[in-house]
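Summary of structural features
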Amino acid sequence: MSSGQLESDEETEEESTEESAVAMAREQLSRAAENVDVDPGVVERLKHPTKVLRTSVPVERDDGTVEVFTGYRAQHDNVRGPYKGGLRYHPDVSESECVGLAMWMTWKCAVMDLPFGGAKGGVVVDPKELSEDERERLTRRFAEEIRDFVAPTKDIPAPDMGTDAQTMAWFMDAYSMQEGETVPGIVTGKPPLVGGSYGREEAPGRSVAIVAREAADYYDMPIDGLTVAVQGFGSVGANAARLLDDWGADVVAVSDVTGGVYDPDGLDTHAIPAHAEQPEAVANSAGATTLSNEDLLELDVDVLVPAAVGNVLTEANAEEVDASIVVEGANGPTTTAADRILTERDVPVFPDILANAGGVTVSYFEWLQDINRRQWDIDRVREELEEAMLSAFDDVQSAHETHDVTWRDAAYVVALDRVGQAKSTRGLWP
Ligand code: GLU
């Protein structure tokens, strides 16, 4: 465990040029506190994580050498229920990033009214540089290193950037082997064959599409012919783009890390390979003009969906954003400065903690299915997700109207109000 590490991580050279997730999360919390009747002591507590575990993860490479990776699990708050949040495998994983992302999970679960708190973890590694066997050994060893920190009623990991259903199956197997029994509820986002939920994989993209549809409706833009640009064609971006396309929108541009494609008449999103189908193949899709990721963010469209990585809408390009509304598919795609500029320019931004919350919502459904040992069919998952998203959208819409604040601030108001009330009801441990 370390807490001193947080400060030093925040001051690395990389993060002095890019706003850190924890700095963004704290700024957003302070803004929300201005509109919520909440004890300042509670707000102070919520600026900090409960605990952070930092661990070394030794892995035997295929050539027999041993490499030691660094892993983290940050637990932010559990007043409303067990800690919940993903595990990411990415070279930029850091302690402060995990803490910031864990804070966002607390708000995301609260805005959806799920009985969970917030956590996030990960390993500093580029998973593309590991073979499948190496990824399996890394996951099993990491599961072992954090086993005392997690449990189905304590802290429940899930997939995030660089991890997937297979990663969760290995994690659950490693944990279960030591317990001497199968414990499906230890993680969510598993394959449906071993206790996962149908519809979990598509869920974050589906919720982005639902929020985009509701947001467009709120601003009187019909879904039929709604022009949409989506940055990122992984699970979130591809599922969101394809659903919006199916519902009648014109998805005019999509991209992945190598670049994008553009067709003002609307692309056939089902014909463009998503990352899981064929990685980094978007820009080579036949029959469309190519464009860069930077240009995609500045297209004149009704809806812009940044669904790739964090910090893509910044002070440098926020003036150039020409979309009528922004719906955040990734976690933290808009820096605080960009958010301010977009607000000044009257471009509504529908925040990550609402828009991509379908992932953790179906994780909650999965957890319930694991406890009950009874799987739901895909129709039930989709119906319950639709209902949960509409109800959260309604709550955020009324905070937006009542407090006359941005959609992001409104989502934080809803979340902080719920967390703050839970804290004052339970009281502070003496
Ligand atoms: N990693 C996802 C997120 O950022 C899902 C977390 C979960 O299902 O616990 O929302």
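What comes next concerns the included structure. (Residues numbered from 1 in each chain as written. Predicted model: local features only at pLDDT ≥ 70, side-chain atom pairs only at ≥ 80, totals over all residues. Heavy atoms only, no water.)

**Regarding helix α5 (residues 95-111)**
The first and last C-alpha atoms of α5 sit 25 Å apart over 17 residues, in line with the 24 Å expected at 1.5 Å per residue. With 17 of 17 residues buried, α5 is to be regarded as a mostly interior element. With its phi angle positive at about 60 degrees, aspartate 113 sits one or two positions after the end of α5. (Helix = DSSP H or I, 4+ residues; strand = E, 2+ residues; numbered from the N terminus. Expected span 1.5 Å × (residues − 1). Buried < 20%, exposed > 50% of the residue type's maximum accessible area, 1.4 Å probe, protein only.)

**Considering the site of the ligand**
Near the ligand lie 14 residues; those nearest to it are Lys84, Lys108, Pro159, Asp160 and Ser363. Arginine 200 is positioned with one of its side-chain polar atoms (N or O) 3.0 Å from an oxygen atom of the ligand. A distance of 2.6 Å is found between an oxygen atom of the ligand and a side-chain nitrogen or oxygen belonging to serine 363. Look at the ligand: alone it shows 300 Å² of surface, and the protein chains cover 94% of it. Those elements giving two or more residues to the shell around the ligand turn out to be β3 (83-90), α5, β5 (155-159) and α13 (358-372). Tallied by class, residues from the shell around the ligand come to 4 nonpolar, 5 polar and 5 charged. (Near = heavy atom within 4 Å. Polar contact = N/O pair within 3.5 Å; in protein donor to acceptor, adjacent residues only side chain to side chain. Areas by Shrake-Rupley, 256 points an atom, 1.4 Å probe, with all protein chains shown as cover. Nonpolar A, V, L, I, M, F, W, Y, C, P; charged D, E, K, R; others polar.)

**A short note on the environment of histidine 270**
Considering the arrangement of structural elements, one finds histidine 270 in the loop between β8 (259-262) and β9 (289-291). Judged by its relative accessible area of 45%, histidine 270 is partly exposed. Considered as a pair, histidine 270 and asparagine 239 are 31 residues apart in the sequence and their alpha carbons are 9.5 Å apart. With residues up to four places along the chain from it excluded, the contact list for histidine 270 reads Arg242, Asp245 and Asp246. Polar side-chain contacts of histidine 270 include one of 2.8 Å to the side chain of aspartate 246. (Contact = heavy atoms within 4.5 Å.)

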